[in-house]
Amino acid sequence: MIKPLLQDNAFLTDIQEKAHQPDQLHIWWLGQSGFLVQWQGNHLLLDPYLSDSLTKKYANTPKPHVRMTERVIEPQKLDFIDVVTSSHNHTDHLDGETLIPLLTANPELTVIVPEANRSFAADRLQVPAGRLTGITINEPQPVDAFTFHALPSAHEELERDEQGHHKFIGLIIQVGPWTLYHSGDTIWYNGLVEYLSNWSIDLAFLPINGRDPKRGVAGNLSGLEAVDLAQKVGIGIVIPCHFEMFEFNTVSPDAFLQAAKSTGQGHCLLRSGEHVGLG
């Protein structure tokens, strides 16, 4: 099994040390689509999956979720988090075994979910729906040092509830002088470039595991598509994600790296538990 670059106490120590560099934006990859963002004492978790819930759920089934990479940290040890997001209801993006301990460790935690999914998420997290913050397209949501803007994602379709709210979203995140984009799970759909072109995006977190019906799961951008999207939108840096978590649903990042290098696209390939700083 792959060991994270930093794990457990070493991971926590790195977070504490980076807090002494307040002029930098600090980012750590937690595996799958999960990231920790630190800015001037504020901490944001994006779609964290820090348990073995899916491995247990799908054991002895035709689709076993065999972990490839060890967990970076137990969620209850992250007792300094201000905001956590979930882009959609799939368990690797809305994990009760991750988020319930986080809520216990952080009683004032803001939990941002698509408005379409708020009741579902509340049931999974065992809290009243009013405890969660629903976000909709074109309605900015400021929380502490971060401002969130939702846009549609297609996994594999653009899905809406009866009120027209999108069930799969990406987030534009404004923090300090930077603009980030966390796509959640998405394929390329008509209108995505137009949405993103409204922003000057410094850094994007994009999936690269692609689409393969044999896996029996909804698809994502491939590595080539992630680079092409970044080129068309003018994204400064891409951090690839959604690989090296489960054996049945992963790819090598080599195609992404080759495409990024051949086009001159800014990129940063992280290991699980690894940090990158901006500024």
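Everything that follows concerns the structure shown earlier in this document.
Here we summarise the structure given alongside this text. Computed from a prediction, not measured in an experiment: that's the story for all the values here.

Attention now moves to the pairing of strand 10 (residues 178-182). Most of strand 10 sits inside the fold, with five of its five residues counted as buried. Here strand 10 shows two buried faces, one formed by Trp178, Leu180 and His182 and the other by Thr179 and Tyr181. Summarising the sheet, strand 9 (residues 169-175) and strand 10 pair through five bridges and their orientation is antiparallel. When the bridges of strand 10 are listed, valine 175 appears paired with tryptophan 178. Taking the residues that link successive antiparallel strands as the turn, the strand 9-strand 10 hairpin has two residues, and the phi of glycine 176 there is positive, at about 55 degrees. Note: strand 10 against strand 11 (residues 203-207), three bridges, orientation parallel. For histidine 182, the partnering residue across the bridge sits in strand 11 and is phenylalanine 205.

Moving on to the sheet that holds strand 9. As summarised here, the arrangement of the seven strands in space is 7-8-9-10-11-12-13, forming an open sheet in which the pairing is mixed. Strand pairing shows two members of the sheet lacking a second neighbour, strand 7 (141-143) and strand 13 (266-267), which therefore form its edges. Relative to strand 12 (residues 237-241), strand 11 is paired through five bridges, and the arrangement is parallel. Note that in strand 12 the partner of leucine 206 across the bridge is proline 240.

Judged by which residues are buried, strand 14 (residues 275-278) turns out to be one-sided: Val276 and Leu278 face inward and are buried, whereas His275 and Gly277, on the alternate face, are not. Pairing between strand 1 (residues 25-31) and strand 14: four bridges, direction antiparallel. Within strand 14, the position partnered with tryptophan 28 by the bridge is histidine 275.

Our focus in this paragraph is the side chain of glutamine 7. Within the secondary structure layout, glutamine 7 lies in the segment before helix 1 (9-18). Look at glutamine 7 and you get buried, because its relative accessible area is 17%. In this view, glutamine 7 contacts Glu70, Arg71 and Val72; residues no more than four positions away in its chain are not counted.

Right, let's get into the packing of aromatic side chains. On inspection of all chains with the given rule, the structure shows eight aromatic pairs. A centroid spacing of 6.5 Å and a plane angle of 25 degrees characterise the contact between tryptophan 29 and phenylalanine 35, whose relative ring orientation is stacked. Residue class for phenylalanine 35 comes out buried when judged on its relative accessible area of 0%. Among the aromatic residues, those joined into a ring-pair cluster are Trp29, Phe35, Phe205 and Phe243.

Here the focus is the nonpolar core. Within the largest apolar cluster, 56 residues are counted, with the highest numbers of intra-cluster contacts made by Leu25, Phe148, Leu180, Tyr181 and Leu196. If near-sequence neighbours (up to four positions away) are discounted, leucine 196 is found in contact with Leu151, Ile172, Tyr181, Ile201, Leu229 and Val233. Counting residues in each nonpolar core, the second largest holds 24 residues, with Phe11, Ile81, Leu94 and Ala122 among its members.

What follows is about helix 6 (residues 223-233). Within helix 6 the residues assigned to the buried category are Gly223, Ala226, Val227, Leu229, Ala230 and Val233. Each buried residue of helix 6 sits inside an arc of 160 degrees when the element is viewed along its axis, so together they form one side. Residues of helix 6 that are buried in the fold lie against helix 5 (192-196), strand 11, strand 12 and helix 7 (254-263). Immediately downstream of helix 6, the backbone of glycine 234 shows phi near 85 degrees, a positive value.

This paragraph deals with unusual backbone geometry. Note the cis peptide between histidine 155 and glutamate 156, where omega equals 0 degrees. Within the secondary structure, glutamate 156 sits in the loop between strand 8 (146-152) and strand 9. In the Ramachandran plot, aspartate 8 falls in the positive-phi region, its phi being about 55 degrees despite a non-glycine side chain. Along the polypeptide, aspartate 8 turns up in the segment before helix 1. You will see that asparagine 60, though not glycine, has its phi angle at about 60 degrees, which is positive. Residue placement: asparagine 60 occurs in the loop between helix 2 (53-57) and strand 4 (83-85). The class of asparagine 60 is exposed, set by a relative accessible area of 83%.

Rules of the game
Residues numbered from 1 in each chain as written. Predicted model: local features only at pLDDT ≥ 70, side-chain atom pairs only at ≥ 80, totals over all residues. Heavy atoms only, no water. Buried < 20%, exposed > 50% of the residue type's maximum accessible area, 1.4 Å probe, protein only. Helix = DSSP H or I, 4+ residues; strand = E, 2+ residues; numbered from the N terminus. Pairing = 2+ DSSP bridges. Contact = heavy atoms within 4.5 Å. Phe/Tyr/Trp six-rings, centres within 6.5 Å; stacked < 30°, edge-to-face > 60°. Core = buried A, V, L, I, M, F, W, Y, C linked by side-chain atoms within 4.5 Å. Arc of directions from axis to C-beta.

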